[in-house]
Amino acid sequence: MEETMVHKRPNYAAVFWSLLILTILEIITANAPLAKPLVVVTLVFLAMIKASLVALFYMHLKFEKFIIYLVVLFPLFLAVFLTVMVLADKHPA
Amino acid sequence: MSQQEHIGRLGIDTRKLGMWIFLASEIMFFTGLIGSYIVLRFANLHTWPVPSTVLNIPLTGINTFILICSSATLVLGLASVQRGYQEGLQVGLFLTVLLGSIFLGIQMHEYQELIHDGFTISSSIFGSCFFTLTGFHGAHVFAGVIWLTVVLVRSFLGYFTPEEYAGVEIVGLYWHFVDLVWIILFTILYLI
């Protein structure tokens, strides 16, 4: 029972440095002379990695029980669904 | 009361489960705001300014770094109390409160500069989106700083031990979520 409360401790320093490096990479990418769609896709990808690192390690999601995943994944699915639906919306020029 | 007494039938601390359910509602709250932002931006693609021509990206880059540091100091505080190192917890919480306050101070300075330059909540659709999204996030940071201050005071009063540290863990979940939201906002508002 004791083990249910005591988390395995992730390497917080590695997560911190990863977040820092990814933020610097984001700023470099935003100013890189690349095609706009490529820049947008890269930036969204980098932000998703950063968000995942925070959720998995700082919020200890990686070490949580399945029920917590259910609580998080359901609204996350709805969030992605809503975002994709509004992205697909057609707007007059 | 030890943490074991809060373990419900699902095998999880009920206080932690409650916080995760609250965060689930927060995901939908920010999704609603971000969804509106996407709709408005796509509807005004031709008049939408390049963010770097309006916003101070280097300053916000530093602010992003500060918020990432504040998450790191908080997890180190939590790791300290789990090992029974009270001073580590207190230093971690104090640094987190300090960094959160600096973040808010820089954001206020940024707002002041932008408003001085004529970029306000009613000056353009970008302005409305920018101030609404960053304003709601800033309000969350403000609430987090107050909550962390309360937890810091409780840590000095000896409330937290290696057997009972849920108060630190739960404020941590909230604070890291606020950090996570900023990671997304920084990307979509400032960089894209």
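The model shown is predicted, which means the values in this text are computed figures rather than measured ones. (Residues numbered from 1 in each chain as written. Chains lettered and ligands numbered in written order. Predicted model: local features only at pLDDT ≥ 70, side-chain atom pairs only at ≥ 80, totals over all residues.)

(A) Main features of the overall build of chain B. Helix and strand counts for chain B stand at six helices and zero strands. Across chain B, helices and strands are ordered from the amino to the carboxyl terminus as α-α-α-α-α-α. Taking all 192 residues of chain B together, 36% fall into the buried category. (Helix = DSSP H or I, 4+ residues; strand = E, 2+ residues; numbered from the N terminus. Buried ≥ 20, exposed ≤ 12 C-beta atoms within 10 Å, placed from the backbone.)

(B) How the structure looks around the overall build of chain A. For chain A, the helix and strand inventory stands at three helices and zero strands. Across chain A, helices and strands are ordered from the amino to the carboxyl terminus as α-α-α. For chain A, buried positions account for 18% of its 93 residues.

(C) Structural view of the confidence of the model for chain B. Scored by pLDDT, chain B comes out at a mean of 94, with 98% of its residues at no less than 70. Across the predicted assembly, pTM comes out at 0.92 and ipTM at 0.89. (pLDDT = per-residue confidence, 0-100.)

(D) Quick peek at the nonpolar core. Membership of the largest hydrophobic core comes to 56 residues, with the highest contact counts inside it found for B:Leu148, B:Val168, B:Trp182 and B:Phe186. Elements represented by at least two residues in this core include exactly α1 (12-30) and α2 (36-58) of chain A together with α1 (14-43), α3 (57-82), α4 (86-116), α5 (125-156) and α6 (166-191) of chain B. With 14 residues, α6(B) is the single largest residue contributor to this core. Look past the residues within four positions of B:Leu148 in its chain and what remains in contact with it is B:Leu93, B:Thr96, B:Val97, B:Gly100, B:Val171 and B:Trp175. (Core = buried A, V, L, I, M, F, W, Y, C linked by C-beta atoms within 7 Å. Contact = placed C-beta atoms within 7 Å.)

(E) How the structure looks around the interface of chain B and chain A. Taken together, the contacts link 39 residues of chain B with 39 residues of chain A. Going through the elements one at a time, α1, α3 and α6 of chain B are the ones with two or more residues in the side of chain B that touches chain A. Ranked by residue count, the leading element in the side of chain B that touches chain A is α1(B), at twelve residues. Residue classes in the side of chain B that touches chain A are distributed as 26 nonpolar, eleven polar and two charged. (Nonpolar A, V, L, I, M, F, W, Y, C, P; charged D, E, K, R; others polar.)

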